[in-house]
Amino acid sequence: MKTIESKRNQTMDCAKGFLMMLVILGHVIVHYDTDAYTNLAFRICYSFHMFLFMYISGWLIAHRENNFLWLWQRVQRLIVPFFLWSIIFQLYFIGTIGMQDIIRFLLSPSLWYLLVLFLCDCLLTVCVFFNKKNSFLRNHSYIMAVLLFIGIYVYIYMQSVSGIADTIKMLAIYFPFYYAGYYIARNGIQISNRYIYCIMALYPFVMLFYGYKDRSAQADLLQSVFSFFSIDAHIVDKILAVFLGTGGALYNHFIVGICGCVFFWQVIRFLSRIPYVKDVLLLMGAYSLQIYIMSSFFMSPISEHVYVNGIFSFVFGIMGPIYIGKLINHSKFFNRILFGIREKKTML
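Residues numbered from 1 in each chain as written. Predicted model: local features only at pLDDT ≥ 70, side-chain atom pairs only at ≥ 80, totals over all residues. Heavy atoms only, no water.

A. Molecular detail of the overall build of the protein. Tallying secondary structure elements over the protein gives 15 helices and 0 strands in all. Burial analysis of the protein (348 residues in total) assigns 47% to the buried set. Sequence-distant contacts, at least 24 apart, represent 76% of the contacts inside the protein between residues at least 6 apart. (Helix = DSSP H or I, 4+ residues; strand = E, 2+ residues; numbered from the N terminus. Buried < 20%, exposed > 50% of the residue type's maximum accessible area, 1.4 Å probe, protein only. Contact = heavy atoms within 4.5 Å.)

B. Spotlight on the pattern of salt bridges. Taken as a whole, this structure holds 1 salt bridge when the rule is applied. We note a salt bridge from Arg 74 to Asp 121, for which the minimum N-O separation is 2.7 Å. Of this pair, Arg 74 sits in helix α3 (residues 68-94) while Asp 121 sits in helix α5 (residues 112-133); the two residues are 47 residues apart in sequence, bridging distant segments of the chain. (Salt bridge = Lys/Arg side-chain N within 4 Å of Asp/Glu carboxyl O.)

C. Fine view of the packing of helix α2 (residues 40-61) against helix α11 (residues 246-271). Where α2 meets α11, the axes come as close as 8 Å, and the angle between the chain directions of the two elements is 80 degrees. The angle between α2 and α11 places the two elements in the roughly perpendicular class. Facing α2, whose interface residues are Ile 44, Ser 47, Phe 48, Phe 51, Leu 52 and Ile 56, α11 presents Asn 252, His 253, Val 256, Gly 257, Gly 260, Cys 261, Phe 264, Trp 265 and Ile 268. Taken together, the residues of the contact of α2 with α11 break down into 10 nonpolar, 5 polar and no charged. (Axes fitted to C-alpha atoms, helices over the stretch in contact; angles between N-to-C directions. Parallel < 35°, antiparallel > 145°, perpendicular 65-115°, else oblique. Nonpolar A, V, L, I, M, F, W, Y, C, P; charged D, E, K, R; others polar.)

D. Highlighting helix α12 (residues 275-286). If you check α12, its first and last C-alpha atoms are 16 Å apart, about what 12 residues at 1.5 Å a residue would give, namely 16 Å. In this structure, the buried residues of α12 make contact with α1 (10-32), α11, α13 (288-294) and α14 (306-328). (Expected span 1.5 Å × (residues − 1).)

E. Examining unusual backbone geometry more closely. Phi is positive for Lys 213, close to 70 degrees, though the residue is something other than glycine. Of the residues examined, Lys 213 reaches a relative accessible area of 57% and is grouped as exposed. The phi torsion at Ser 230 lies on the positive side, around 55 degrees, for a residue other than glycine. Residue placement: Ser 230 occurs in the loop between α9 (216-228) and α10 (233-244).

F. Examining the side chain of Arg 43 more closely. Along the chain, the position of Arg 43 falls in helix α2. Not counting residues up to four positions away in its chain, the partners in contact with Arg 43 are Tyr 37, Thr 38, Met 207, Tyr 210 and Gln 218.

G. Spotlight on the packing of aromatic side chains. Scanning the model with the defined rule gives 30 aromatic pairs in all. An angle of 50 degrees between the planes, with centres 6.2 Å apart, marks the rings of Trp 85 and Phe 89 as tilted. Taken as a pair, Trp 85 and Phe 89 lie in helix α3 at a separation of 4 residues, close to a single helical turn. Given the relative accessible area of 6%, Trp 85 is considered buried. Classification of Phe 89 as buried rests on a relative accessible area of 8%. Between Tyr 92 and Phe 297, the aromatic rings sit 5.0 Å apart at their centres with planes inclined by 85 degrees, giving edge-to-face as the arrangement. Highlighted residues: Tyr 92 in helix α3 and Phe 297 in the loop between α13 and α14, separated in sequence by 205 residues. Classification of Phe 297 as partly exposed rests on a relative accessible area of 23%. Put simply, the rings of Phe 51, Phe 53, Trp 112, Tyr 113, Tyr 174, Phe 177, Phe 254 and Tyr 292 touch in pairs and so form one group of aromatic residues. (Phe/Tyr/Trp six-rings, centres within 6.5 Å; stacked < 30°, edge-to-face > 60°.)

H. Summary view of the environment of Cys 45. Within the element layout of this structure, Cys 45 appears in helix α2. The class for Cys 45 is buried, based on a relative accessible area of 3%. Spatially, the C-alpha atom of Cys 45 lies 7.5 Å from that of Val 23, the residues being 22 residues apart in sequence. With sequence-adjacent residues up to four places away left out, Cys 45 is seen in contact with Leu 22 and Leu 25.

Quick look at the structure:
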């Protein structure tokens, strides 16, 4: 596998650490807050964090030679740990495992990010392959536009399909962000600060109408806005019906998601310039996969107080996997099969 750029981008590593911290925060809120979906911290985290994670994944992939040999290496990096840890989770939390459980891993996986990321890798490899074979497809902007609209179409269509729909919908949602990261990094595109600042300014406004799963409160706010401007009630009803359905989901993903990614990317860039904060983020970024996988083991309550449980799960959900990851790092065999890592980590 040919490396195009070997120098690590520490801002990207800090971003992985920052986003993984938000992933654990979101999981803690869901675990202990009965009204999690209206929690402000939860809404902010889920408005952008996985979209930016996918963007970064695509950006990092752009610095490698994307071919079918590389795809096989991604199987070892993502799919082997995905199945092993899915089996471990099933045995640890449920106590039994059967063929139905294995099928469920694929249809509605708990470690969905690993599976969806691998599917993005597969789709990108196919795109790159045809890109080399067809002169028309060499213009990546065409591919980006087509894939975006195909993704939206698949997402809308799969709303009424059960089973494997969860995985397909997530692929449709996240692949445009993944491909955008790949495309921008591969072509060295620089986005003007003027556009960045405009999008950052939009983020607080679009968040007013962001609702995770339940958008009824946001629909009421939207209706109040329409009433203020005396818009025809029949038109308002149609708009609200779309907003409460697929239109609202697409708004969350492709408007709020993009604005949130741009806004918090600038936040991450700022944090990565602060020495101590940078070191902490780099450490979490280096063990982001271990944190993502093993944090579930630290979500059990230890007290009758919700806040105590939340703080414990948040702190140890990050530090515990890092400590365990460092121990496993001494074994090349276990490091490879459990986390798909070929060599020992040398940082920190």
